[in-house]
Structures are given as C-alpha cells and as structure tokens.
Amino acid sequence: MADDKGFVSFTCQRCSQNLKLDESLHTFSEHISAELNLPIHSSIDIDLESQVTSFDHFISACRLSDSHNATSSGFMLVSDEKEVNLLSNEFRTKAALFDHLSGTSEIDHPLCEECSDYLIEILEEQLAQTIQDHDDYQKYYSVLQAEETEPKLAELEKELADLSEEEGRLMEELQALRQEEEVTLKAIAEQEQRSKQITQEEERYFREYARFKRQWLIAEDEDRSLKCQLSAAQTHLEKLRNTNVFNVTFHIWHKGHFATINNFPLGTLPTAPISWPEINAAWGQTTLLFCALARKLNLVFKRYRAVPFGNHSYMEVVGENKKIPLYGSGGPKYVWDTKFDVAMVAFLDCMQQFMERVEAEKKEFKFPYRIQNGKIVGRDNIQYSIRTLITTEEQWTKALKYMLTNLKWGIAFVASQFDSDGQEIKPPTAQ
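Parameters at a glance
Per chain, residue numbering runs from 1 following the sequence as it is written. Thresholds applied to this predicted model are a pLDDT of at least 70 for local features of residues and 80 or more for the giving and counting of side-chain atom pairs; totals over whole chains, interfaces and linings are not thresholded and use all residues. Side-chain measures were taken over the full set of non-hydrogen atoms in the model, leaving aside hydrogen atoms and water. Comment: elements are numbered from the N terminus, with helices defined as DSSP H or I runs of at least four residues and strands as E runs of at least two. Partly exposed residues are those whose accessible area sits between 20% and 50% of the maximum for their type, while under 20% is buried and over 50% is exposed, using a 1.4 Å probe and protein chains only. Per-residue accessibility takes into account occlusion by the displayed protein chains alone, with areas from the Shrake-Rupley method and a 1.4 Å probe. Like-charged residues within 9 Å of one another, or nonpolar side chains (Val, Leu, Ile, Met, Phe, Trp, Tyr) within 5 Å, are grouped into patches, provided each residue has over 30% relative accessible area and no salt bridge. In the sections that follow, a salt bridge refers to a side-chain nitrogen of Lys or Arg positioned within 4 Å of a carboxyl oxygen of Asp or Glu. Only four residue types enter the tally: Lys and Arg on the positive side, Asp and Glu on the negative side, with His and both chain ends excluded. Note on charges: their place is set at NZ of Lys, CZ of Arg, CG of Asp or CD of Glu. Two strands qualify as a pair provided DSSP detects at least 2 bridges between them. Axes here refer to lines fitted to C-alpha atoms; in helices the fit is confined to the stretch in contact. Angles between the N-to-C directions go from 0 to 180 degrees. Contact definition: two residues touch when any of their heavy atoms are within 4.5 Å. Take the far helix as your reference; a near helix turned counterclockwise from it by less than a right angle gives a left-handed crossing, and one turned clockwise gives a right-handed crossing. In the scheme used here, Gly and all other residues not listed as nonpolar or charged are polar, with Ala, Val, Leu, Ile, Met, Phe, Trp, Tyr, Cys and Pro taken as nonpolar and Asp, Glu, Lys and Arg as charged. Under the pairing criterion, centres of Phe, Tyr and Trp rings, with the six-membered ring standing for Trp, must be within 6.5 Å; the plane angle then separates stacked pairs below 30 degrees from edge-to-face pairs above 60, leaving the rest tilted.

(A) Highlighting the overall build of the chain. Regarding its fold elements, the chain presents nine helices and eleven strands. Counting across all 431 residues of the chain, residues that qualify as buried make up 29%. Summing over all exposed atoms, the chain offers an accessible surface of approximately 30000 Å²; the carbon and sulfur share of this is 53%.

So, in structure tokens, the structure goes:
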C-alpha cells in the first residue's frame, strides 16, 4: 500500500513476493467481518506434512504490533516512527484481517494468487481422497449389513488366538532373521575388510609388476644392445683374425716403376727422381718389416744383423759391434761412399738366409727371385746388382723392387704358419 509519506506492502507467506491487494479489500461491511471471524478448519485437517516437498516455504504469519521492538512477535515496518504513525485505519484493518485468518486456520495469510491456487489444488485432492474413503467405508458397511449371521464371539476369540499365535511365531521368526541378519552383516563386514586388503595387495602387486616389467624391459634392451655389440665385436674379431697384420702394418705395393712400402718409394729414376729422405724412410720401413719376420721365425743371422732405426737404420756386423749405415745422402753416381752399398749387400745376405730358412721349412714354397753374390736374379735370369756405384738407377730400382716382392712373399709365408693369435700352426700328428 502506498502512502504520501512512505510505502507499506504485504508479502506472500509462502514465496515472500510483494502483493498487490484487491480493491474489494479496501472496504467491507460488519456483516462480512462477522462471517470472517467464524473458524474455517472445524472439520477438515490439512496434512501439510504430506506436502513437504511442494509446500515447504511457509514462514510465520504476519502480526501487526504497536511495539517497535525488533524482538516482538509481529512484523516490523522498515520506516521511522513518524511514518508508522501515519498508517491509515484501512491498513490496520487489513493487517488485523490477515492476522485473524492466520489464527483461525493452519495456513498463514496473505498468499499470492499462484500460492492460493496451489493450496486449493491440495485441498481439492484431500477432499477427493476423503470422499473416496467415505465411499469405501459406506460399501463395507453395506456388506456388513447384508450378512444374515454375525460371527460368534467364540469364533472371533479363537481367530484372535490363532492370529496371536501366528504373530508370536512370526515374531520368533523375525527375531531369528534379525540374528541371522546380524551374523550376515558381520560376515559382510569381514568380507569387505578382506576385499579391501586384497585390493591393496593387488595394487601393490601391480606396482611391483610395473616396476619389474620396466626393469625387465631395460634389461632386455641392454641384452639386445650387448648382443649387437658382441656380434659387432665378433665380426670385427673375425675380420682381424682373417687380416694379415704384416700386410696392414707394412703395405707393399707399387707406384709406376717404383716398389713402395707404406707409400714410400724405394729407388730412383732419371725421369722420376726420388728424394733421399723418402728413400731412407723406405729403407727404415723395410728393415723394420724384415726384423719382424725374422723374429717370428726365431732366425739368428750369421754375419750381419739388421737394426731398424727409422730413416737412419743400419746393419751391424755380428761379433764386431760395427755399424754400417743403411741410408744415403746423395745421388748414387756422385757420392763415392761405399758404406751404403756395403749395407745393402749385407741386407741381401741376411735376406738370403731368411729365404733359405723358409724354403727349408716348406719344400714346396719358393720365392720368385733368387739372391746370388749380392745380386738379385730376375725371372729372365738377369742379375741386378743392388750397389749404386756399379749399376744404373734403372737396374738399382728394379733390384729393390724384386727385393720388396720377396718380402711380400715372406709375409704370406709367415701368415700361413701362424694363427690370428700369433701361435704357430703345427701339422696334425698321425693317429
């Protein structure tokens, strides 16, 4: 309701929304007021508990009170005292009407139109149910009236006794069932506890399984890796076993007219001169190879002994501790130093002893080129001197080429006599 000094409105006691009162409530006669004072719940009880789910927002009824204390039982108007005093008698009359309606019924007033309709629907349902119950009772009463003979008291007492006995038996059965239920519940609780333990053990098992599975996969990967490494190592070992160490260490080949050892040419030609440092390095490699082959055969030389010393290797006279240089320092036609020639002849002497030892051990093995009196005999039976002072550069280079060829054959023989571990291969004994 609106006033010149302020606004006062009523709210629905169910949904708490503001209400706009109908104009018919502004004025009503004393006769209507007397009728409203009559009780409206004399014969019908509204079962609000059955409507809890749908009608559960009831709040306490509005009560208009003259007191302005916040703890009073009536509703409080949010305005100052001056505005409250200005409320008209019309508003007080409406408030008193709603208080009376709330006091004479189980429903708090006022209600909005929607809540009122819902309340009417509930009351109509209860009325229909009541009418149905009345009709049922009326039918049963008519049946009872139609029966000619009424049951005797003794029969009723006997039936009551039977029912009581049946009730006792059923109560005993119920008690037994309750005891059985307790036992069953206890067994269920034990089984649930056992199930929880089994679940925990299962989780622990799967965690351990996952950990061991991971370790197994890692071990399997390592195993495959080691197998691959072992296979590669075995392949490499087999390759090394089939490899001639002397051929790998001392690569004897040719480059044009020159024989080479580890890419160092041995010899010289007028058309292709070779520097003496290269020749001396080639002689150093040749001396080292020859000493290694002789050591494999445990060969002891008689007159001379080769001593590898890089590009300054030399021949040593056995028993005299005399050194003969196996390296040069100038062209063979212009250096009248016979020590280099003597050293090369001494080297051929040692090589001849090596060839004789090899051919003596293996009759069918023959070197391609013979050595006689410090000279190398070619396949055409021409003797090529290894002395630089009495032969041409072409013949000297060819003699050195034949000498390296014999050394390559010596490598093949030594490799055939020893296995990959350096052990001597012995022929099988007769059984």
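Still to come is the rest of the account.
(B) Summary view of a negative patch on the surface. On the surface, Glu113, Glu114, Asp117, Glu121, Glu124 and Glu125 cluster together into a patch of negative charge. Its location among the elements puts Glu114 in helix H4 (residues 113-146).

(C) Seen up close, the sheet that holds strand E5 (residues 264-266). Taken in spatial order, the three strands of this open sheet run E3-E4-E5, and their pairing is antiparallel. If you trace the sheet from one side to the other, it starts and ends with strand E3 (252-255) and E5, each paired once. Direction aside, neighbouring strands of the sheet carry axes that sit 40° apart on average. In this structure, strand E4 (residues 258-261) lies alongside E5, joined through three bridges in antiparallel fashion. From the neighbouring strand, Thr260 faces E5, where its bridge partner is Pro265. Contacting E3, E4 and E5, helix H7 (residues 276-296) crosses the sheet at an angle of about 90° to E5.

(D) Examining the packing of helix H8 (residues 338-361) against helix H9 (residues 393-417) more closely. Interaxial distance between H8 and H9 falls to 11 Å at its minimum, and their mutual angle equals 35°. In this structure, H8 crosses over H9, and the sense of that crossing is left-handed. Between H8, through Phe340, Met344, Phe347, Leu348, Met351, Phe354, Met355, Val358 and Glu361, and H9, the contact on the second element is made entirely by Trp396, Met403, Asn406, Leu407, Gly410 and Phe413. Taken together, the residues that form the contact of H8 with H9 break down as twelve nonpolar, two polar and one charged.

(E) Representation of the side chain of Asp349 within the structure. Summarising the element assignment, Asp349 is placed in helix H8. You can call Asp349 buried: its relative accessible area is 15%.

(F) Geometry of the sheet that holds strand E10 (residues 375-377). One open sheet accounts for three strands, arranged E9-E10-E11; its pairing is antiparallel. Strands with a single pairing partner mark the edges of an open sheet, and in this sheet they are strand E9 (370-372) and strand E11 (383-385). When the angles between neighbouring strand axes are averaged without regard to direction, this sheet yields 35°. Sheet strands touched by H8: E9 and E10. Its angle to E9, the strand with the most contacts, is close to 130°. Strand contacts of H9: E10 and E11, with the helix running at about 105° to E11, the strand carrying the most contacts.

(G) Local environment of the environment of Lys302. On the secondary structure map, Lys302 appears in the loop between H7 and strand E6 (304-307). According to the relative accessible area criterion, Lys302 is exposed, its value standing at 65%. In sequence terms Lys302 and Cys350 are 48 residues apart; their C-alpha atoms lie 8.2 Å from each other. Discounting residues that sit within four places of it in the chain, Lys302 has contacts with Val318 and Gln353.

(H) Representation of the packing of aromatic side chains in the model. In this structure the tally under the stated criterion is 14 aromatic pairs. With 5.4 Å between their ring centres and 85° between their planes, Trp283 and Phe347 make a pair best called edge-to-face. Highlighted residues: Trp283 in helix H7 and Phe347 in helix H8, separated in sequence by 64 residues. Each of the two residues, Trp283 as well as Phe347, counts as buried.

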